[in-house]
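Summary of the model geometry
As a plain string of letters, each chain reads:
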Amino acid sequence: MAMTFVGSLPVTDVFSGTTQSSRPYLPRLYPLSKTPSNKSSTLMMTLESSSSSSASTTESTTISINETQWNSAAELLRSYGGMSDDDDTEISKILSRAFGWTSQAYWRGQRTRSNPSLDAIQNALKVFTHELQLQPNDIRSVLRKFPEAMALDEDGTQLRDNQRYMKDTLRMDAERVRKSVIAQPQALGYNFDCGGDCQGECVRCWVRF
């Protein structure tokens with residue numbers, strides 16, 4: 001069952017530092033139950049697990065949700081990520097995957113069910129907009145393919161390092177880097193190079209680029 005939060009809060013402009021008002025956001029996080037509150041919610045989520053020696057079992061995990069952070073994160077994507085007021089479901093899915101609520105294909109347990117980091121999102125948006133020269137529709141395309149790009153670190157270091165690697169090591173000019181990021185945004189998350197001798201880190205490996 002989907003969980004729905006309803007709340008409204010001011011959001012600081014990621015570039016100018018001014019404050020703007022936001023509309024209520026309705027994040028849908030799966031498979032959480034609806035447990036609304038003013039600022040945060042403590043949720044009980046049922047997880048299914050299995051092992052070779054026993055049948056599937058269930059366990060309950062208590063998770064703290066900061067709805068203010070979810071609302072602010074959603075407003076940032078609407079304002080700078082090419083999203084509109086009609087994209088709440090897509091925004092929810094992007095944020096949920098970026099911060100470890102759904103697929104663990106990239107994170108592999110390094111980030112699990114964390115609240116959205118506004119610093120990480122703001123700094124990622126700055127890199128996308130100012131350094132990679134991405135337009136809002138480009139940013140939307142990038143986040144659809146690789147939501148984790150928003151959550152790699154707090155200050156955008158890996159985004160800048162990978163951009164620099166493409167320029168300095170792969171000898172790509174700025175326009176080619178921009179087009180490559182749009183076409184294959186997963187490259188922003190690469191931090192390993194097996195050199196052709198596979199080490200099982202394929203989702204993070206430059207060999208795929």
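Note: the structure precedes this text.
Residues numbered from 1 in each chain as written. Predicted model: local features only at pLDDT ≥ 70, side-chain atom pairs only at ≥ 80, totals over all residues. Heavy atoms only, no water.

Considerations on the overall build of the chain
Each helix and strand counted, the chain has six helices and four strands in total. Secondary structure elements of the chain, listed N to C terminal, follow the sequence β-β-β-β-α-α-α-α-α-α. Expressed as a percentage of the 209 residues in the chain, the buried residues total 44%. A fraction of 61% describes how many contacts in the chain between residues 6 or more apart in sequence connect residues 24 or more apart. Carbon and sulfur atoms make up 46% of the accessible area of the chain, which amounts to about 10500 Å² in all. (Helix = DSSP H or I, 4+ residues; strand = E, 2+ residues; numbered from the N terminus. Buried < 20%, exposed > 50% of the residue type's maximum accessible area, 1.4 Å probe, protein only. Contact = heavy atoms within 4.5 Å. Areas by Shrake-Rupley, 256 points an atom, 1.4 Å probe, with all protein chains shown as cover.)

Brief notes about the side chain of asparagine 162
Position of asparagine 162 among the secondary structure elements: in helix 5 (residues 157–168). Polar side-chain contacts of asparagine 162 include one of 2.9 Å to the backbone oxygen of leucine 188. (Polar contact = N/O pair within 3.5 Å; in protein donor to acceptor, adjacent residues only side chain to side chain.)

Thoughts on the packing of helix 3 (residues 118–131) against helix 4 (residues 136–145)
Where helix 3 contacts helix 4, the axes come no closer than 10 Å and their chain directions differ by 130°. Accordingly, the angle class assigned to the pair helix 3 and helix 4 is oblique. The way helix 3 lies across helix 4 gives a crossing that is right-handed. Where helix 3 approaches helix 4, its residues Leu125, Phe128 and Thr129 are matched on the opposing element by Ile139, Val142 and Leu143. Residues of the contact of helix 3 with helix 4, tallied by class, amount to five nonpolar, one polar and no charged. (Axes fitted to C-alpha atoms, helices over the stretch in contact; angles between N-to-C directions. Parallel < 35°, antiparallel > 145°, perpendicular 65-115°, else oblique. Left-handed = near helix turned anticlockwise from the far one by under 90°. Nonpolar A, V, L, I, M, F, W, Y, C, P; charged D, E, K, R; others polar.)

Observations regarding the packing of helix 1 (residues 67–80) against helix 2 (residues 88–98)
Running from N to C, helix 1 and helix 2 point in directions that differ by 115°, and their axes come no closer than 10 Å. As the angle between them shows, helix 1 and helix 2 are arranged roughly perpendicular. Here helix 1 and helix 2 pass one another in a crossing that is right-handed. Each of Trp70, Ala73, Ala74, Leu77 and Arg78 in helix 1 lies in contact with helix 2, whose residues at this interface are Asp88, Ile91, Ile94, Leu95 and Ser96. Among the residues making up the contact of helix 1 with helix 2, the classes are represented as seven nonpolar, one polar and two charged.

Some remarks on the nonpolar core
Judged by nonpolar contacts, the single largest core of 42 residues is most densely connected at Leu77, Leu95, Ile121, Phe128, Leu134, Met150 and Val181. When residues of this core are traced back to their parent elements, those giving at least two are strand 4 (54–66), helix 1, helix 2, helix 3, helix 4, helix 5 and helix 6 (174–183). Among the elements that make up this core, the one with the highest residue count is helix 1 (six residues). Beyond its immediate stretch of four places on either side in the chain, leucine 134 contacts Phe128, Thr129, Ile139, Val142, Arg178, Val181 and Ile182. (Core = buried A, V, L, I, M, F, W, Y, C linked by side-chain atoms within 4.5 Å.)

With respect to the pattern of salt bridges
Applying the stated criterion to the full structure yields 13 salt bridges. Residue aspartate 87 is joined to arginine 140 by a salt bridge in which the shortest nitrogen-to-oxygen separation is 3.3 Å. Highlighted residues: aspartate 87 in the loop between helix 1 and helix 2 and arginine 140 in helix 4, separated in sequence by 53 residues. The buried category is assigned to aspartate 87, whose relative accessible area is 11%. Residues arginine 108 and glutamate 201 are paired through a salt bridge, measuring 3.9 Å at the closest nitrogen-oxygen approach. Within this pair, whereas arginine 108 is found in the loop between helix 2 and helix 3, its partner glutamate 201 is found in the segment after helix 6, the two being separated by 93 residues in sequence. (Salt bridge = Lys/Arg side-chain N within 4 Å of Asp/Glu carboxyl O.)

Overview of empty space enclosed by the protein
Summed over the entire model, instances satisfying the criterion amount to one cavity of 30 Å³ or more. Taken as a whole, the largest cavity holds about 40 Å³ of empty space. Ala120, Asn123, Ala124, Ala149, Met150, Leu152, Asp153, Gly156 and Leu159 are the residues that line the largest cavity. With three residues, helix 3 is the single largest residue contributor to the lining of the largest cavity. Residues belonging to the lining of the largest cavity are distributed by class as follows: six nonpolar, two polar and one charged. (1 Å grid on protein atoms, 1.4 Å probe; cavity = no way out; pocket = protein on both sides within 12 Å on 5 of 7 lines; lining within 4 Å. Points joined across faces, edges and corners; volume = space filled by probe spheres on them.)

Overview of the environment of phenylalanine 192
Inspection of the secondary structure puts phenylalanine 192 in the segment after helix 6. Phenylalanine 192 sits in the partly exposed class, given a relative accessible area of 29%. For phenylalanine 192 and cysteine 205, which are 13 residues apart along the polypeptide, the C-alpha to C-alpha distance reads 4.7 Å. Residues within four places of phenylalanine 192 in sequence aside, it is in contact with Gln199, Glu201, Arg204, Cys205 and Trp206.

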